[in-house]
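# Commentary on secondary and tertiary structure
Each chain, written out:
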Amino acid sequence: MDVVLADRLQFSFTVMFHYLFPIGTMGIAPFIVWYNYRALKTGEARYAAAARFWTKIFGVNFAIGVVTGIPMEFQFGTNWAAFSDKTGPVIGQPLMIEGVYAFFLESIFLGVLLYGRERVSPRLYLFSAVAVWLGSWLSGYFIVVTDAWMQHPVGYSLGPAGQIQLQSLAAVLFSPFAQWQYAHVMTGAVVAGGFIVAGIGAYYLLAKRDLEFGRDFVRSGVIVALAGSVLVIFPTGDRNGADITAYQPVKLAAMEGLFESTNGAPLAIVGMPDVPGHKLIDPIFVPDLLSFLAYGSFRANVNGLTSYATELWPPVELTYYAYHVMVGLGTIFIAVAAGAAFLLWRRKLFETPPALWVLLLLMPFPYIANEAGWVTAEVGRQPWIVYGLMKTQAGTSPNVVTGETIFTLIGFAGMYFLLGLLFVMLTLREISIGPAEEVAR
Amino acid sequence: MTSVVAFCLIAAMLTAYTLLDGYDLGAAAIAPLLARTRGERSAIVESIGPFWSGNEVWLVAAGGALFALFPRAYAVSFSGFYLPFIIVLWLLMFRGIALELRAHLPGDMWMDFWDAALSISSALLVLLFGVALGNLVGGLALDADGYFTGTFGSLLNLYATAVGLLAVFALVQHGLAYVAAHVEGALGERALRYIGTVWWLVTIAYLGVTAATIALHRNDLAGAPFATVASAFALAALVSVGRSARLGHAMAAFWASLAFIAGLLVAAAATMYPYLLRPHAGATGRGLTIFQAAPPPASLALSLAVAVIGLIGVIAYSVFLRRRMPAKVSVREEGAAASPGR
């Protein structure tokens with residue numbers, strides 16, 4: 001196997017596995033703050049119990065997230081030494097700031113949240129919940145800033161020998177590309193958080209146990225999921241898409257499976273790309289819609305893949321499917337959340353088992369949508385490791401060979417399989433113990 | 001100038017990591033020998049439970065700082081020591097998982113398994129960190145670009161192994177002092193007594209490594225004055241660790257141990273200076289100094305300021321929380337171990 005492919009497989013595997021857990025922590029953290037706030041405000045034991053229940057679920061997520069996150073910080077150096085050497089003056093900055101400003105905050109205050117309930121005042125305890133939320137969301141920001149720079153490099157200059165130098169730290173940290181990407185990523189996590197809370201609530205209602213909590217979780221989960229699934233598409237997804245249209249038109253063409261440049265380009269709802277044949281197989285099109293979404297005019301020209309040299313195409317099939325999976329699921333999320341919210345408003349949701357079943361079974365899909373979004377962003381960025389500036393091929397470690405990377409990839413695969421089993425087992429156990437058990441404590 | 005400040009910042013962050021996570025690792029490594037019952041073992045782990053994750057962030061943040069401030073050194077060293085590095089990552093993962101999940105299921109088997117995993121991975125981590133430091137201070141086989149040309153086996157040379165043993169003894173002593181200062185009752189007292197024994201091993205290893213370092217670098221030591229002062233400071237602190245332990249002053253022994261380790265690491269950093277990767281005598285490469293590895297100074301100054309201000313904030317809220325949430329624990333009856341979130 002080619003060493004570049006081995007390194008890419010390793011990075012995509014470790015980062016995709018890792019990201020499952022930040023989805024959970026970033027999505028659940030606001031609920032922990034909410035329940036702790038209600039507990040402090042009303043003094044009711046059930047809110048404190050709900051906060052403790054979600055803190056335990058958060059804790060398992062955090063534990064796996066933190067141990068799988070450590071390799072991410074160091075893999076740039078181990079497997080992508082040429083990339084790190086060249087871009088470190090710029091992308092090292094947000095990574096360093098993430099450690100100093102966000103990761104400390106989350107880790108240190110989580111210690112209080114997990115172990116400090118009887119040792120600190122209720123106010124400091126609530127403050128710790130807020131700090132953990134802030135830490136997890138700030139972490140997300142600096143990581144997105146790092147990625148946004150690879151998508152659309154800004155705030156740098158080239159030195160006499162072609163080396164990349166930092167021109168403006170502020171330009172990197174407040175890159176306009178990062179703003180909408182971050183908003184999109186975070187609303188994606190909020191959608192996941194909403195559906196996780198609603199799904200577990202639905203389970204309690206269907207299982208006819210912990211009913212008071214089940215109703216509360218379904219109610220707050222559905223409201224958050226509805227708000228999130230609207231915001232994830234408009235404005236955040238739409239604006240992020242506008243940035244891609246402006247700065248990465250090849251990626252846009254691959255996402256949409258558009259091979260030929262077209263005035264009034266149609267939007268493919270389904271279809272399978274036939275890359276050698278330059279067409280979609282069995283497509284269903286909405287005429288002119290892609291032109292409208294990309295440029296605000298139904299007759300606008302959208303460049304197809306064939307307007308660009310083939311060596312600048314990303315892997316078309318993967319980019320296309322990842323994007324369509326994300327958008328398709330996003331549409332389903334709005335429909336489900338809106339339907340559930342309607343039933344909630346009519347006060348029928350808790351007595352409608354089919355709707356609760358849908359909420360329960362939907363739980364894995366926000367994870368898939370979040371991961372598919374990242375695959376669209378990162379596979380669609382190929383063949384560049386830094387868009388327009390450095391090719392992925394040129395980024396690997398000169399002295400690490402395929403055999404070493406395959407060995408460590410197998411090691412990571414084994415380790416992460418074990419971690420995945422532990423996560424499922426311990427999360428199911430916490431759910432089966434349930435929040436009602438917490439009231440007595 | 002900014003390069004020197006950046007070097008000092010990273011050295012300080014790694015020192016903070018060793019001082020803080022050092023007691024987690026040391027206490028976990030010695031736990032099987034120190035604890036007589038499962039309840040005692042749980043008390044040791046619970047004394048570090050709320051803090052280990054925040055302590056470990058010092059390592060991650062130092063990695064980020066190395067990436068930002070000396071990208072060339074970050075790239076060359078992490079890929080150059082590929083396999084040992086990945087093994088360290090795996091051990092860190094095992095350690096973290098063991099600490100976080102040991103109390104999540106009822107039953108003694110579950111806890112015994114994770115406690116064994118915790119102790120083994122902690123002990124190996126300390127040894128590997130020590131060996132790594134030994135190689136950095138002792139010098140490496142490097143090619144002209146600064147990439148490592150030796151083998152895994154060559155990293156386990158006599159000098160580096162000696163530093164690895166010093167690290168194990170020193171951090172076990174540190175962990176014992178932490179347990180003595182933070183766990184009440186017979187367990188804390190026993191930890192203090194154990195220091196009396198470990199102290200001799202630390203002292204022998206310290207003297208041996210110091211003599212070997214002087215012999216190795218006697219002609220070539222830019223930071224010699226700093227190294228000498230720091231080393232003497234470490235020796236004084238080490239004497240104080242032994243004395244405090246004998247007199248039964250647990251907290252004083254812990255503070256002295258902090259000072260001892262800080263002294264050792266400052267001495268190590270001064271010995272390395274101005275290198276990030278020091279070539280060993282007779283190597284073909286020139287090594288990698290802080291001046292070659294750093295990006296242009298102008299771009300560094302602001303990042304350094306941002307990092308330093310952030311770290312002052314981190315230290316402030318860490319200290320605040322330690323005061324609000326003292327780490328004192330006591331040994332519980334069998335089977336009554338607390339688990340997170342309860």
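Residues numbered from 1 in each chain as written. Chains lettered and ligands numbered in written order. Predicted model: local features only at pLDDT ≥ 70, side-chain atom pairs only at ≥ 80, totals over all residues.

### Observations regarding the packing of helix α2 (residues 45-79) of chain A against helix α4 (residues 71-80) of chain B
- Two numbers describe how α2 of chain A lies on α4 of chain B: the axes approach to 6 Å, and their chain directions differ by 85 degrees. When the axis of α2 of chain A is compared with that of α4 of chain B, the two are roughly perpendicular. Of the residues in α4 of chain B, those in contact with F74, G77 and T78 of chain A of α2 of chain A are Y74, A75, F78 and S79 of chain B.
- Tallied by class, the residues present in the contact of α2 of chain A with α4 of chain B amount to four nonpolar, three polar and no charged. (Axes fitted to C-alpha atoms, helices over the stretch in contact; angles between N-to-C directions. Helix = DSSP H or I, 4+ residues; strand = E, 2+ residues; numbered from the N terminus. Parallel < 35°, antiparallel > 145°, perpendicular 65-115°, else oblique. Contact = placed C-beta atoms within 7 Å. Nonpolar A, V, L, I, M, F, W, Y, C, P; charged D, E, K, R; others polar.)

### Quick word on helix α13 (residues 402-433) of chain A
- Over its 32 residues, α13 of chain A extends 46 Å from the first C-alpha to the last, a length consistent with the 46 Å expected when each residue adds 1.5 Å.
- Of all the residues in α13 of chain A, the buried ones are T405, T408, F412, M415, Y416, L419, F423 and L426 of chain A.
- For α13 of chain A, the secondary structure elements touched by its buried residues are α1 (3-42) and α2 of chain A together with α5 (82-101) of chain B.
- Phi turns positive, to about 85 degrees, at G434 of chain A, one or two residues after α13 of chain A. (Expected span 1.5 Å × (residues − 1). Buried ≥ 20, exposed ≤ 12 C-beta atoms within 10 Å, placed from the backbone.)

### Remarks on the interface of chain A and chain B
- Listed by partner, the interface residues are 55 residues for chain A and 53 residues for chain B.
- Taken together, the elements giving at least two residues each to the side of chain A that touches chain B come down to α2, α3 (81-115), β2 (164-166) and α13 of chain A.
- Broken down by element, the residue count for the side of chain A that touches chain B peaks at 23 residues, all from α3 of chain A.

### What about helix α8 (residues 249-256) of chain A?
- α8 of chain A sits mainly inside the fold: seven of its eight residues count as buried.
- Directly after α8 of chain A, the chain includes G257 of chain A, whose backbone phi takes a positive value near 65 degrees.

### Digging into the pairing of strand β5 (residues 279-286) of chain A
- In the sheet, strand β4 (residues 267-274) of chain A pairs with β5 of chain A via six bridges, with the strands oriented antiparallel. Bridged to D274 of chain A within β5 of chain A is K279 of chain A. (Pairing = 2+ DSSP bridges.)

### So, the environment of M13 of chain B
Residues and elements named next belong to chain B.
- With respect to the helices and strands, the residue M13 is situated in helix α1 (residues 2-34).
- A count of 24 C-beta atoms within 10 Å places M13 in the buried class.
- For the pair M13 and L238, spaced 225 residues apart in sequence, the C-alpha separation works out to 22 Å.
- Excluding residues that lie within four positions of it along the chain, M13 makes contacts with W58, A61, A62 and A65.

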